[in-house]
Amino acid sequence: MQVCHSVRELRAFFSPSSAIKGGLCPDDGQFACRTLPILVTQAKQLAEIVVVSIFVNPLQFGVNEDFGSYPRTLAADCEQLEAVGADVVFAPTVTEMYPDFDGQDLRQAVVIQPPALANELCGASRPGHFVGVATVVAKLFNMVQPQVAVFGKKDYQQLMVIRTLVRQLNFNVEIVAGETVREPSGLAMSSRNGYLSATGKTQAAQLYQQLQRIKQALLAGQRDYASLCEQAVAGLNQQGWQVDYVDIRRQTDLTLPDANDQAWVILAAAKLGGTRLIDNCEVSL
């Protein structure tokens, strides 16, 4: 497995095989949670060469968020990636991704303006987050030039934003959604789970349990979406969570559903202690 830290190294690797179909699995690092290796396995079924990008992107973190403490375990990540058959790890420096970085300020004057959806759900409490996501993903597509890219469904809103980015900017990249990987308790695997104690991980499964309650209610015919979400928020608050949102949206585009819809996604974000977790659950009749 080749580890590249610059576009020059990456292009040198690909130059003898420019006609080979390449796949990209973007990640922000630290995936002892086993999510990314599963996405790599999925990508290997779609592409001849699989590139995994590992980059903790400062542009998508807010001022008071956890950029400084976010887990970074490149050596361990590379060991796991080699074991599952990744061909290349692209782990660029901040300067490689942001050429005008002066050591303090990224000085990234040109950014991607994401669709209005980026201001809702997670975007409502994380202003600018999806500008950072869309900009770095566009950069990675330009640098790696994959034909297919695999993004996990756990961040459903991000997946929708990236699909819009690809469609409206005419990127020749197929976006493939990877299923969310879960602990036996139902807790979605995530880098931020590393912040949780053993007791915290047990309690964190409550988030998915609330989504499952809403799912069963929808399958039983309930269509008072607001009430279902309010009940979930109240239940989580009673269990010690600080809830950002629980919402029900259309699967296709994350717009608000009506009583005639038959395919939804239930989305939630909440803090348990100081750890912000997100999750979602698809429901179809």
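Criteria and thresholds
- Residues numbered from 1 in each chain as written.
- Predicted model: local features only at pLDDT ≥ 70, side-chain atom pairs only at ≥ 80, totals over all residues.
- Heavy atoms only, no water.
- UniProt positions renumbered as here; feature names shortened; annotations may be inferred.
- Helix = DSSP H or I, 4+ residues; strand = E, 2+ residues; numbered from the N terminus.
- Buried < 20%, exposed > 50% of the residue type's maximum accessible area, 1.4 Å probe, protein only.
- Polar contact = N/O pair within 3.5 Å; in protein donor to acceptor, adjacent residues only side chain to side chain.
- Contact = heavy atoms within 4.5 Å.
- pLDDT = per-residue confidence, 0-100.
- Expected span 1.5 Å × (residues − 1).

Under an unreviewed UniProt entry, the name given to the protein chain is Pantoate--beta-alanine ligase, and the source organism is Spirodela intermedia. Turning to the protein chain, the UniProt record has this under Sequence similarities (unreviewed entry): "Belongs to the pantothenate synthetase family." What the UniProt record of the protein chain gives under Pathway (unreviewed entry) is the line "Cofactor biosynthesis; (R)-pantothenate biosynthesis; (R)-pantothenate from (R)-pantoate and beta-alanine: step 1/1."

Here we take up the side chain of D279. Turning to its location among the elements, D279 is positioned in strand β9 (residues 275-284). Among the residues examined, D279 registers a relative accessible area of 5% and is labelled buried. Side-chain polar atoms of D279 contact the side chain of R182, separated by 2.8 Å. Beyond its immediate stretch of four places on either side in the chain, D279 contacts R182, G186, A188, L207, Y208, L211, I266, L267 and A268.

Looking now at the confidence of the model for the protein chain. Low pLDDT marks stretches whose predicted atomic positions should not be read closely. Per-chain confidence: the protein chain averages 91 in pLDDT, with 93% of residues scoring 70 or above. The low-confidence segment residues 29-33 (pLDDT under 50) makes 19 contacts with residues lying over four places distant or belonging to another chain.

Between its terminal C-alpha atoms helix α7 (residues 156-168) stretches 18 Å, which fits the 18 Å expected from 13 residues at 1.5 Å a residue. In terms of burial, α7 is a largely internal element, 10 of the 13 residues being buried. Inspection of α7 places Y156, Q157, Q158, L159, M160, V161, I162, T164, L165 and V166 among the buried residues, and these make up the whole buried set. Next to the buried residues of α7 lie α5 (122-125), α6 (129-144), β5 (148-152), β6 (174-178), β8 (263-272) and β9. One or two positions beyond α7, positive phi appears at N170, with a value near 60°.

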